[in-house]
Amino acid sequence: MRTMSIRTALSDAGGGERGALLLWMIFTGLTLFAAIVLWRYGLIRVMLVSDRTYISSLIAVLYVITCGHCFWRTRAIDREGEAGRHCRTILSAADGAMALEPHTQALPAGLVTDHIKSLVTKARSQGSGRLDQTLLLRTLADRLRGSNAFGAFASDTLMKLGLLGTIIGFIIMLAPIAGLDAADKVSMKSSMGLMSDGMAVAMYTTLAGLVGSILIRIQYYLLDAATQRVFSDAVTLTETRVTPVLERHDG
């Protein structure tokens, strides 16, 4: 009977929407569509050709790598959220307390389950009394965040690469002025060409850095929000379904 109820709970929880990954896919799809439109009209090609420093190309490569990392982290958080929903459904069943037995493998694998197992171990070790999970919750929060901080680092890096391109572009633009001869038309024409190239480098690298940084910030904001939701659900689950049962059994 207990096995049947657990299987029913798992099948009911399996229908939960994969919100975090879905939002990432929608946002990335819109970004990819915009990139295709810009490429179709030749704007991206002009930027890559005009930037002789290749900083814009480097920004594009780093952006793609960061998107891959964000997808990996979003997928992991989405799985943790699904596992947390499974845990909530199992523990909410009539015989859900049996899932907290030491040798029971009813709960799905995941960080939330590891946290619940740590609570069970702590409750049995300390005996009677109020079960304080503050330190364990801090550990859970750190494990859920994982390498999410890479997003802030990548966003800041793209911004600084754009500023670096701006400085290099102005150096290229202003370098010919020192040897400029107003009477030499050939020199004037060559200098104007170099100044135009320098301005193109400065503007395109700044634009690439700003756009890449903003898009990464948005992606990791969605990821952080999903992580916070998983953590909040875990806190609610353990405070309402786990610690009361453990305190009652050990009391």
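Residues numbered from 1 in each chain as written. Predicted model: local features only at pLDDT ≥ 70, side-chain atom pairs only at ≥ 80, totals over all residues. Heavy atoms only, no water.

(A) Representation of the overall build of the chain. A tally of regular secondary structure across the chain gives 8 helices and 0 strands. Beginning at the N terminus, the succession of helices and strands in the chain can be written as α-α-α-α-α-α-α-α. Across the chain, the fraction of contacts at a sequence separation of at least 24, relative to all contacts at a separation of at least 6, is 79%. Surface summary for the chain: the accessible area is close to 14,500 Å², and the carbon and sulfur share equals 66%. (Helix = DSSP H or I, 4+ residues; strand = E, 2+ residues; numbered from the N terminus. Contact = heavy atoms within 4.5 Å. Areas by Shrake-Rupley, 256 points an atom, 1.4 Å probe, with all protein chains shown as cover.)

(B) Geometry of the nonpolar core. Grouped together as the largest cluster of nonpolar side chains are 44 residues, with contacts concentrated most on Leu91, Leu100, Ile116 and Leu246. Within the residue set of this core, elements represented by two or more residues are helix H2 (19-40), helix H4 (55-92), helix H5 (111-126), helix H6 (134-145), helix H7 (150-174) and helix H8 (185-250). Here the element with the most residues in this core is H8; it accounts for 13 residues. Every residue in contact with Leu100, bar those within four places of it in the chain, is listed here: Leu91, Ile116, Val120, Arg124, Arg241, Val242, Val245 and Leu246. (Core = buried A, V, L, I, M, F, W, Y, C linked by side-chain atoms within 4.5 Å. Buried < 20%, exposed > 50% of the residue type's maximum accessible area, 1.4 Å probe, protein only.)

(C) Layout of the packing of H4 against H7. Close contact between H4 and H7 brings their axes to 10 Å; oriented N to C, the two are set at 175°. With respect to each other, H4 and H7 are oriented roughly antiparallel. In contact with Ile55, Leu58, Ile59, Leu62, Tyr63, Thr66 and His69 of H4, H7 contributes Phe150, Ala154, Thr157, Leu158, Leu161, Gly162, Leu164, Gly165 and Ile168. Partitioned by chemical class, the residues of the contact of H4 with H7 number 11 nonpolar, 5 polar and no charged. (Axes fitted to C-alpha atoms, helices over the stretch in contact; angles between N-to-C directions. Parallel < 35°, antiparallel > 145°, perpendicular 65-115°, else oblique. Nonpolar A, V, L, I, M, F, W, Y, C, P; charged D, E, K, R; others polar.)

(D) Focus on the environment of Leu223. Along the chain, Leu223 falls in helix H8. The spacing of Leu223 and Arg145 is 78 residues in sequence and 9.3 Å in space, taken between C-alpha atoms. Not counting residues within four places of it along the chain, the set of residues in contact with Leu223 comprises Cys70, Arg73, Thr74, Ile77 and Asn148.

(E) How the structure looks around the environment of Ala208. Of note, Ala208 is situated in helix H8. For the pair Ala208 and Ser57, spaced 151 residues apart in the sequence, the C-alpha separation amounts to 8.9 Å. Leave out the neighbours within four places in its chain, and Ala208 touches Met47, Ser56 and Ile59.

(F) Representation of a nonpolar patch on the surface within the structure. A contiguous nonpolar patch, built from Phe33, Val37, Leu38, Tyr41 and Leu43 and spanning about 540 Å² of accessible area, is present on the exposed surface. The dominant element in the nonpolar patch, judged by the number of residues it contributes, is H2, at 3 residues. With respect to the secondary-structure elements, Tyr41 resides in the loop between H2 and helix H3 (43-50). Overall, the relative accessible area of 66% leaves Tyr41 in the exposed class. (Patch = residues over 30% accessible without salt bridge, like charges linked within 9 Å, V, L, I, M, F, W, Y side chains within 5 Å. Salt bridge = Lys/Arg side-chain N within 4 Å of Asp/Glu carboxyl O.)

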